[in-house]
Amino acid sequence: MGDWGDAQIPATAGTGVSEHRRVVVIGAGFAGIGLGIRLLQEGIDDFVVLEKAAEVGGTWEANTYPGIQCDIPSHLYSLSFMPNPGWSRTFSEGAEIWDYLRRCAREGGVTPHLRLGCEVLAAEWDEAEQRWVIETSKGPLSASVLIAATGGLSEPAIPDIPGLGSFGGALFHSARWDHEQEIRGKRVAVVGTGASAIQIVPQLQPEAEKLFVFQRTPPWVMPHRDRPIGRIERRLYQRFPLAQRLSRGWSYLLRESIVPALVGNPDRLKRLERIGRNHLRRQVPDPELRARLEPSYRLGCKRILPSNEWYPALQKPNVELISGGVSEFRREGPVGADGSLREVDVVVMATGFNVAHPEFGRRLKGPEGTLGETYESEGAQAYLGAAAAGFPNLFTLAGPNTGLGHTSIIYMIESQLNYVLDALRLIEQRKIGRFEVRTEVQRAYNTDLQRRLSGAVWESGGCANWYLDEHGRNVVIWPRQTWSFRSLTRRFDPSSYLLEPAVSATVSSTDATKASTSSASVSQEHISRTVPASSQT
Ligand code: NAP
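Calculation rules
Residues numbered from 1 in each chain as written. Predicted model: local features only at pLDDT ≥ 70, side-chain atom pairs only at ≥ 80, totals over all residues. Heavy atoms only, no water. Helix = DSSP H or I, 4+ residues; strand = E, 2+ residues; numbered from the N terminus. Rg over C-alpha atoms; globule rule 2.2 N^0.38 Å. Buried < 20%, exposed > 50% of the residue type's maximum accessible area, 1.4 Å probe, protein only. Contact = heavy atoms within 4.5 Å. Areas by Shrake-Rupley, 256 points an atom, 1.4 Å probe, with all protein chains shown as cover. Lys, Arg positive; Asp, Glu negative; His and termini not counted. Charge placed at Lys NZ, Arg CZ, Asp CG, Glu CD. Near = heavy atom within 4 Å. Polar contact = N/O pair within 3.5 Å; in protein donor to acceptor, adjacent residues only side chain to side chain. 1 Å grid on protein atoms, 1.4 Å probe; cavity = no way out; pocket = protein on both sides within 12 Å on 5 of 7 lines; lining within 4 Å. Points joined across faces, edges and corners; volume = space filled by probe spheres on them. Nonpolar A, V, L, I, M, F, W, Y, C, P; charged D, E, K, R; others polar. Axes fitted to C-alpha atoms, helices over the stretch in contact; angles between N-to-C directions. Parallel < 35°, antiparallel > 145°, perpendicular 65-115°, else oblique. Left-handed = near helix turned anticlockwise from the far one by under 90°. Salt bridge = Lys/Arg side-chain N within 4 Å of Asp/Glu carboxyl O. Pairing = 2+ DSSP bridges. Core = buried A, V, L, I, M, F, W, Y, C linked by side-chain atoms within 4.5 Å. Phe/Tyr/Trp six-rings, centres within 6.5 Å; stacked < 30°, edge-to-face > 60°. Lys NZ or Arg CZ within 6 Å of the ring centre and 35° of its normal.

Draft legend 1. Highlighting the overall build of the chain. Helices and strands together make up the secondary structure of the chain, namely 16 helices and 20 strands. Its C-alpha atoms give the chain a radius of gyration of 24 Å, within 12% of the compact-globule value 24 Å for 537 residues. C-alpha extents for the chain along the principal axes are approximately 80 × 50 × 45 Å. Split into buried and exposed, the 537 residues of the chain put 55% on the buried side. In the chain, 74% of the contacts between residues at least 6 apart in sequence involve partners at least 24 apart. Split by element, the accessible area of the chain, about 22200 Å² in all, is 50% carbon and sulfur. Of the side-chain charges in the chain, 60 are positive and 60 negative, and the distance between the mean point of each set is 9 Å.

Draft legend 2. Inspection of the site of the ligand at higher detail. Around the ligand, the structure places 23 residues, and the nearest of them are Gln69, Thr193, Ser196, Thr217 and Lys302. Threonine 217 is positioned with one of its side-chain polar atoms (N or O) 2.5 Å from an oxygen atom of the ligand. Between an oxygen atom of the ligand and a main-chain N or O atom of alanine 350, the distance comes to 3.3 Å. For the ligand, whose accessible area on its own is 900 Å², the fraction buried by protein is 85%.

Draft legend 3. Highlighting empty space enclosed by the protein. Under the criterion given, the structure shown has three cavities of 30 Å³ or more. Every residue lining the second largest cavity is listed: Leu371, Thr374, Tyr375, Glu378, Gly379, Gln381, Ala388, Ala389, Phe391 and Gln442. With four residues, the top contributor of residues to the lining of the second largest cavity is helix H11 (residues 371–378). Tallied by class, the residues present in the lining of the second largest cavity amount to five nonpolar, four polar and one charged.

Draft legend 4. Region of the structure containing unusual backbone geometry. At glutamine 130, a residue that is not glycine, the phi angle is positive and equals roughly 50°. By the element assignment, glutamine 130 lies in the loop between strand S4 (120–126) and strand S5 (131–136). Notably, asparagine 393 is not glycine yet its phi reads approximately 55°, a positive angle. Position of asparagine 393 among the secondary structure elements: in the loop between H11 and strand S18 (394–396).

Draft legend 5. Representation of the packing of helix H1 (residues 30–41) against helix H12 (residues 409–429). Between H1 and H12, whose axes approach to 10 Å, the crossing angle comes to 40°. Judged by the angle between their axes, H1 and H12 are oblique. Read as a crossing pair, H1 and H12 show a hand that is right-handed. Of the residues in H12, those in contact with Phe30, Ala31, Gly34, Leu35, Arg38 and Leu39 of H1 are Ile410, Ile413, Leu417, Asn418, Val420, Leu421 and Leu424. Its residues assigned to classes, the contact of H1 with H12 comprises ten nonpolar, two polar and one charged.

Draft legend 6. Geometry of the pattern of salt bridges. Evaluation of the coordinates by the stated rule reveals 28 salt bridges. As a salt-bridge pair, arginine 434 and glutamate 436 come within 2.9 Å of each other at their nearest N and O atoms. The residues arginine 434 and glutamate 436 share a single accessibility class, namely buried. The shortest N-O distance in the salt bridge between arginine 452 and aspartate 448 comes to 3.1 Å.

Draft legend 7. Up close: the sheet that holds strand S8 (residues 187–191). The strand order S7-S15-S8-S9-S12 describes an open sheet built from five strands, whose pairing is parallel. Only two strands of the sheet have a single partner each, and these edge strands are strand S7 (170–173) and strand S12 (319–323). Recorded for the sheet is a direction-independent mean angle of 15° between the axes of neighbouring strands. Bridge count for S8 against strand S9 (residues 210–215) is five bridges, and the pairing is parallel. Within the sheet, the bridge partner assigned to alanine 189 lies in S9 and is phenylalanine 212. With respect to the sheet, helix H4 (residues 197–204) is in contact with S8, S9 and strand S15 (346–349), its orientation differing from that of S8 by roughly 170°.

Draft legend 8. Summary view of the nonpolar core. Counting residues in hydrophobic clusters, the biggest one holds 97 residues, and the most contacted among them are Phe30, Ile33, Trp60, Leu204, Leu211, Phe395 and Tyr497. Ranked by the residues each element gives to this core, the list is headed by H12, at twelve residues. What phenylalanine 395 contacts, discounting residues up to four positions off in sequence, is Val145, Leu146, Ile147, Ala148, Ala386, Ala387, Tyr419, Val420, Ala423, Phe435, Phe492 and Tyr497. Counting 47 residues, the second largest nonpolar core, distinct from the first, contains Trp125, Leu272, Cys463 and Ile477.

Draft legend 9. Here's a closer look at the packing of aromatic side chains. Under the definition given, this model contains 19 aromatic pairs. Both rings, one in phenylalanine 30 and one in tyrosine 77, keep their centres 5.2 Å apart while their planes meet at 75°; by these two values the pair is edge-to-face. Of this pair, phenylalanine 30 sits in helix H1 while tyrosine 77 sits in the loop between helix H2 (59–62) and helix H3 (94–107), and the two are 47 residues apart along the sequence. Assigned by exposure class, phenylalanine 30 and tyrosine 77 land together as buried. On the numbers, 4.6 Å between centres and 40° between planes, the contact of phenylalanine 492 with tyrosine 497 is tilted. Take tyrosine 497: its relative accessible area is 0%, and that puts it in the buried class. Grouping aromatic residues by their ring pairs yields a cluster made of Tyr383, Phe395, Tyr419, Phe435, Tyr445, Phe492 and Tyr497. Geometry around phenylalanine 81 places arginine 38 over its ring, the cationic atom sitting 5.9 Å from the centre. Directly above the ring of tryptophan 98 sits arginine 102, whose terminal nitrogen or CZ lies 4.2 Å from the centroid.

Written out as structure tokens, the structure is:
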């Protein structure tokens, strides 16, 4: 147990809050569970993981729509320190990933640290006590370090379509599936043709009497290489873990090889576009329908979607594809762009998530305002997706610009876990009570990111995507190979932070001065190491 535990900081000091933790983690998805396991491996057990849902799993707990499956290979879409030789498919279904996460929590020892059904209502930085005071639905607590592992895709977005409230049937978001709602024999509309919709539609088609699919922009759809993993192959991975690591490594390298084209030369994506067009041609013989399904923007500008079932489902006699999206809702159902009404019993809004301005950011209040307000005024940004100026002792996992179109987000999360653990080590060694990323470091880092993103396919590809905020700034994507993120996050870099000694730490003033002078003296050197000179401000 470190010096930072309850022993050193009087639990009730100033705040009236009786429970204090060295680390409080918000969210029990991949990031929160992964962090819990790593904290325990590090010998840190003074932490809790707060989760508003009744179960762990994050996005895999929330998304239970029919057909849910991960589009990243199973061996890559798992924690490297919790390998699972038992994956039953090369691309896992949602339920299996959810099971895996529950097992990780159990076997990794995190379960006793979980507080389920515990929603964080507000968290405010207490400057005098150098701690976060957290209001939850199960009472208050405080934390020396707060870690928001709330995920980028956790707040469903339902577009404000005129008349939406007047619809008289059942309506729900893909990430809040209503399993009580009967689909068999019903007239159903699905709004959206993104990653969720293309998995949902083939599942609903055999059940629904009539299925209307409202498409605003056709996605690029590629042949899917998914297959079951047989007993012999699974046994191989069990007996020879290296074989699974090699498979993981191969998937990883293959996916990284597309990054130079996405970022530097989108024209080089034409070869992949040919594969997508051939897939469309093979699966959709009708030229009129094919024309409506063919994307008119560069592949990669939106997420590339693998499916062998999407196009066939759209051609079933009970399915109608409506181009142009939804113009309004009436009591009877949605109205297409052509003005014609589709009378339905059920509407599924597969319309994505609120990413640029998550509501949760308004619940985290630093010395000068909430994270949400900062994101509103400056656009969502952070240093290494993890630290934000103005928000001391806070890390965000999978924060701004850590998102990927091409590979597993878990690789990025694990990189950040290395960084956070190294930070906790150093903070304890130096008896630091307050750390905050330097504004100029964050600015230089983001200037460099935006420079790399300009001209990349997400901006130049000719589509509207949710990676760009209302100012046209890409707040989601990491624009380099992921190994460069791993390298930047290998060690916590104190020189990029303002460090202050712990108010209640038994640390001599000489030690504290040493900590802050050494940080100031190397700060410029660190900026030069992480950010090219051209983008330094
Ligand atoms: P999405 O990819 O953002 O798709 C949303 C869909 O809703 C788009 O087709 C969009 O059309 C449409 N839409 C939004 N507002 C609309 C409006 N007002 N009228 C008509 N259509 C509207 O959302 P998602 O499918 O939930 O996926 C989000 C992300 O979750 C993915 O990118 C991926 O990262 C993750 N995900 C992954 C998997 C997987 O691993 N297989 C599965 C599901 C989700 P436009 O394209 O015209 O905007």
